[in-house]
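Given next are the chains, with one letter for each unit.
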Amino acid sequence: LTSAYISNNATRMGSRIFCNCQKLINIHLPEKLTEIPGTTFANCFSLETITIPETVQYYRAYCFDQCRSLVNLTLPEPVYSIERNAFSGLTSIQTLIIPEGVSGFGLGAFNSCYFYNVSLPSTLRSMGMHCFADCPNLQYIVFPDEYNFFDHYAFSNCKSIEYIIFPKVEFTLY
């Protein structure tokens, strides 16, 4: 399976529906979809293009885990949930813009990615452990003014970080 089209009449997809489809290159998602279920595209190593409908607001655990060939990913506004390891292992995307709405990231949500910079939403308040760990190219990240909680190992093994701009409020580092 190298290409898939899901009818616009569909409103939901089951979890793991394309998990381990290592030859899947592109897919069309239905316009009424509100979430990307857990492990939906996990280990789809060849997935290069996907257009996420504007109605998607929830990204469940491991939904895009290890999609190593994905070169462009646009998350439409608003996003309310990015769960555990939802985007871990993305090695072909250089810049990630996370839209407004999401207040927290799950454990390891973006670990082992090759981003150079990340744009975080002003609504972000917390991130889980290892959220950006093992991101070897990450150089620049700016946190919103109201951000105040950094969990364990948030940036561990991010050896290229040059700038982290922290908010103007007091915060707790663990």
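Per chain, residues are indexed from 1 in the order of the written sequence. Residue-level local features of this predicted model are given only where pLDDT is at least 70; pairs of side-chain atoms are given and counted only at 80 or more, and the full residue set underlies all totals for whole chains, interfaces and linings. With hydrogens and water set aside, each side-chain value is computed from the structure's full complement of heavy atoms.

(A) Focus on the overall build of the chain. A count of helices and strands for the chain gives zero helices and 14 strands. Elements are defined by DSSP. Helices are runs of H or I of four residues or more, strands are runs of E of two residues or more, and each kind is numbered from the N terminus. Taken from N to C terminus, the helices and strands of the chain fall in the order β-β-β-β-β-β-β-β-β-β-β-β-β-β. Expected size for 174 residues packed as a compact globule is a radius of gyration near 16 Å; at 16 Å, the chain falls within 12% of this value. Seen through its principal axes, the chain has C-alpha atoms that stretch 50 × 30 × 20 Å. Only protein chains enter the accessibility calculation, which uses a 1.4 Å probe; a residue whose area is less than 20% of its type maximum is buried, one above 50% is exposed, and one in between is partly exposed. Every one of the 174 residues in the chain was classed for burial, and the buried ones make up 44%. Sequence-distant contacts in the chain: of pairs separated by 6 or more residues, those separated by 24 or more amount to 18%. Only four residue types enter the charge count: Lys and Arg as positive, Asp and Glu as negative, with His and the chain ends excluded. For charged residues, the charge sits on one atom: NZ in Lys, CZ in Arg, CG in Asp, CD in Glu. Positive and negative side-chain charges in the chain, numbering 10 and 14 respectively, have mean positions lying 10 Å apart. C-alpha atoms define the radius of gyration, and 2.2 Å times the number of residues to the power 0.38 defines the globule rule. Only heavy atoms matter for contacts: two residues are in contact if any of them lie within 4.5 Å across the pair.

(B) Here's a closer look at the sheet that holds strand β4 (residues 49–51). At least two DSSP bridges between two strands are required for those strands to pair. Read from one edge of the open sheet, three strands run β1-β2-β4, paired in parallel fashion. Looking at the sheet topology across the chains shown, the edges are occupied by β1 (3–5) and β4. Sheet twist, expressed as the average angle between the axes of neighbouring strands with direction ignored, equals 10°. Where β1 and strand β2 (residues 26–28) come together, three bridges link them in parallel fashion. Note on β2: the bridge partner recorded for Tyr-5 is His-28. Note on geometry: axes are C-alpha line fits, over the in-contact stretch for helices, and angles between N-to-C directions span 0 to 180 degrees.

(C) Broad picture of the pattern of salt bridges. The salt bridge criterion pairs a side-chain nitrogen of Lys or Arg with a carboxyl oxygen of Asp or Glu, the two atoms within 4 Å. The tally for this structure, following the rule as stated, stands at two salt bridges. Salt-bridge contacts for Arg-60 lead to Glu-35; the nearest nitrogen and oxygen are separated by 2.8 Å. Remark: Glu-35 occurs in strand β3 (residues 35–36) and Arg-60 occurs in the loop between β5 (58–59) and β6 (81–82); sequence separation between them is 25 residues. According to the relative accessible area criterion, Arg-60 is partly exposed, its value standing at 23%. Glu-35 sits in the partly exposed class, given a relative accessible area of 23%. By sharing partners, the salt bridges in this structure join Glu-35, Arg-60 and Glu-83 into a single network.

(D) Quick peek at the packing of aromatic side chains. Pairing of aromatic side chains here covers Phe, Tyr and the six-membered ring of Trp, requires ring centres within 6.5 Å, and sorts the geometry by plane angle: under 30 degrees stacked, over 60 edge-to-face, intermediate tilted. As enumerated under the stated definition, the model contains 14 aromatic pairs in all. Taken together, a centroid distance of 6.3 Å and an interplanar angle of 80° make the contact between Phe-105 and Phe-132 edge-to-face. Remark: Phe-132 occurs in the loop between β10 (126–127) and β11 (140–142) and Phe-105 occurs in strand β8 (residues 104–105); sequence separation between them is 27 residues. For the residue pair Phe-105 and Phe-132, the accessibility class agrees, reading buried in each case. Both rings, one in Tyr-140 and one in Tyr-163, keep their centres 6.0 Å apart while their planes meet at 75°; by these two values the pair is edge-to-face. Of this pair, Tyr-140 sits in strand β11 while Tyr-163 sits in strand β13 (residues 163–165), placing them 23 residues apart in sequence. Overall, the relative accessible area of 36% leaves Tyr-140 in the partly exposed class. Three or more aromatic residues joined by ring pairs make a cluster, and in this case those are Phe-18, Phe-41, Tyr-59, Phe-64, Phe-87, Phe-105, Phe-110, Phe-115, Phe-132, Phe-143, Tyr-147 and Phe-155.

(E) Spotlight on the sheet that holds β13. Taken in spatial order, the four strands line up as β7-β9-β11-β13 in an open sheet, and their pairing is parallel. Among the strands making up the open sheet, the edge pair consists of β7 (95–97) and β13. Across the sheet, the mean angle separating the axes of adjacent strands is 10° when strand polarity is ignored. Summarising the sheet, strand β9 (residues 117–119) and β11 pair through three bridges and their orientation is parallel. By the bridge assignment, Asn-117 is partnered in β11 with Tyr-140.

Keep in mind that these numbers describe shape and distance, not what the molecule does.
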